[in-house]
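Remarks on the overall topology
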Amino acid sequence: DVKVTQSSRYLVKRTGEKVFLECVQDMDHENMFWYRQDPGLGLRLIYFSYDVKMKEKGDIPEGYSVSREKKERFSLILESASTNQTSMYLCASSISPTVYEQYFGPGTRLTVT
Amino acid sequence: AQRVTQPEKLLSVFKGAPVELKCNYSYSGSPELFWYVQYSRQRLQLLLRHISRESIKGFTADLNKGETSFHLKKPFAQEEDSAMYYCALSGRSNYQLIWGAGTKLIIKP
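Rules and cut-offs
Each chain has its residues counted from 1, running along the sequence as written. Naming scheme: in the order in which they are written, chains are lettered from A and ligands are numbered from 1. pLDDT decides what is reported in this predicted model: residues at 70 or higher carry local features, side-chain atom pairs at 80 or more are listed and counted, and totals for whole chains, interfaces and linings draw on all residues regardless. The side-chain values count all of the structure's non-hydrogen atoms but skip hydrogen atoms and water molecules. Note on conventions: DSSP H or I runs of at least 4 residues are helices, E runs of at least 2 residues are strands, and numbering of each starts at the N terminus. Summary of the burial criterion: residues with accessible area below 20% of their type's maximum are buried, those above 50% are exposed, and those between are partly exposed, where the area comes from a 1.4 Å probe applied to protein chains only. In what follows, residue pairs with any heavy atoms lying within 4.5 Å of each other are defined as contacts. Positive charges are assigned to Lys and Arg, negative charges to Asp and Glu, while His and the chain termini are left out of the count. For charged residues, the charge sits on one atom: NZ in Lys, CZ in Arg, CG in Asp, CD in Glu. Think of it this way: DSSP has to see at least two bridges between two strands before they count as a pair. Throughout, an axis means a line fitted to C-alpha atoms (over the contacting stretch in the case of helices), and angles, computed between N-to-C directions, take values from 0 to 180 degrees. Reported buried area values correspond to the accessible surface (1.4 Å probe) lost by two parts on association, with both partners' losses combined. By definition, a salt bridge exists where a carboxyl oxygen of Asp or Glu is found within 4 Å of a side-chain nitrogen of Lys or Arg. Identification of polar contacts relies on pairs of N or O atoms within 3.5 Å, with a donor-acceptor requirement for protein atoms, meaning one able to donate a hydrogen and the other able to accept it, and with residues adjacent in sequence counted only if both atoms are side-chain atoms. Grid points spaced at 1 Å over the protein atoms alone were grouped into cavities, where a 1.4 Å probe fits but cannot get out, and pockets, open sets with protein on both sides within 12 Å along at least five of seven lines, with lining residues defined by an atom within 4 Å of a point. Grid points are joined across faces, edges and corners, and a volume is the space filled by probe spheres set on the points. Each residue is assigned to one of three groups, with Ala, Val, Leu, Ile, Met, Phe, Trp, Tyr, Cys and Pro labelled nonpolar, Asp, Glu, Lys and Arg labelled charged, and all others, Gly among them, labelled polar.

In this section: the overall build of chain B. Within chain B, the secondary structure is distributed over zero helices and eleven strands. Reading the secondary structure of chain B in the N-to-C direction produces β-β-β-β-β-β-β-β-β-β-β. Each principal axis of the C-alpha atoms in chain B carries an extent, and together these give about 40 × 30 × 25 Å. Relative to its 109 residues, chain B shows a buried fraction of 46%. Expressed as a percentage of contacts within chain B between residues at least 6 apart in sequence, the contacts between residues at least 24 apart total 58%. Both charge centroids of chain B, one from 15 positive and one from 9 negative side chains, sit 6 Å from each other.

What follows is the structure, given as structure tokens:
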């Protein structure tokens, strides 16, 4: 089974802090994704990566950055956390560019106070 | 523009009743469509994809290109079907999925 893990299940941070969310997949998947999940808005893509050191902006990249130094690890960085970034963050991976099925991590519930 | 619309935020039906979760899409071309499900306190997971044409947990979904719909159906709802359901469309580029806003399904005993 594909395993996608996220570093924290719950996280509470203060406004202005730099926040790191880590995601690791163990199946040698090429593509990795970061989403925000908010009620009534569904999943919104923040960033994705299709290879090591490669990244592309999704629909809502403002206030976020990402890092993919190794194939199995994809990090989401909130440069200066704000209260409107309070959300559930989901990481996902998929095998290759032509396979659209995505495997999700358990999510990180981030609260910014 | 590519878009997925799930018109119902919440759907509540009684156990044993038929269920239909609606999904409409906007896409020029031949789309690939998916239903994902998230049970309480579990991770989001693929339920079914239209090209497989299979039934999973009693659910089926047929792609209707004329009506640009991909509704999810089950003839007899069970309490364990209560979950959040998302319809998704494979976009034309960049390996992305385009997601609907989701429908919360509640099965009443």
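On to unusual backbone geometry. For aspartate 28 of chain A, which is not glycine, the phi torsion reads 60° and is therefore positive. Position of aspartate 28 of chain A relative to the elements: it lies in the loop between β3 (19–25) and β4 (31–38). Residue classification places aspartate 28 of chain A among the exposed residues on the basis of a relative accessible area of 53%. A positive phi angle, near 45°, is found at threonine 68 of chain B, a position not held by glycine. Here threonine 68 of chain B lies in the loop between β7 (60–61) and β8 (72–74).

Residues and elements named next belong to chain A. Spatial ordering of the open sheet is given by β1-β3-β8-β7, a layout of four strands whose pairing is antiparallel. Either end of the sheet is taken by a strand with one partner, and the two such strands are β1 (4–6) and β7 (64–70). For this sheet, the mean inter-axis angle between neighbouring strands, taken without regard to orientation, is 20°. Strand direction decides the pairing type here: β1 and β3, joined by three bridges, are antiparallel. Residue pairing for β3: glutamine 6 is matched across the bridge by cysteine 23.

The interface is formed by 20 residues belonging to chain B together with 23 residues belonging to chain A. Between chain B and chain A the total buried area reaches about 1900 Å² when both faces are included, carbon and sulfur atoms providing 55% of it. Of all residues in chain B, Arg43, Tyr95 and Trp99 of chain B give up the largest surface area on contact with chain A, accounting jointly for 38% of the area buried on that side. Counting across the chain B and chain A interface gives one salt bridge. Inspection of the chain B/chain A interface yields six residue pairs in polar contact (both at pLDDT 80 or more). Where the side of chain B that touches chain A is concerned, the elements lending two or more residues are β5 (33–38), β6 (45–49), β9 (83–90) and β10 (97–99) of chain B. No other element matches β5 of chain B, which puts three residues into the side of chain B that touches chain A.

Attention now moves to the layout of surface pockets. The computed volume of the largest pocket comes to approximately 550 Å³. Residue lining of the largest pocket: 18 residues in total, with Gln37, Met88 and Arg109 of chain A together with Gln38 and Arg41 of chain B positioned closest to the centre. Within the residue set of the lining of the largest pocket, elements represented by two or more residues are β4 of chain A together with β9 of chain B. In terms of residue count, β9 of chain B provides more of the lining of the largest pocket than any other element does, three residues in total. For the lining of the largest pocket, a count of residues per class yields eight nonpolar, five polar and five charged.

Fair warning: the whole summary comes from geometry, so function is off the table for now.
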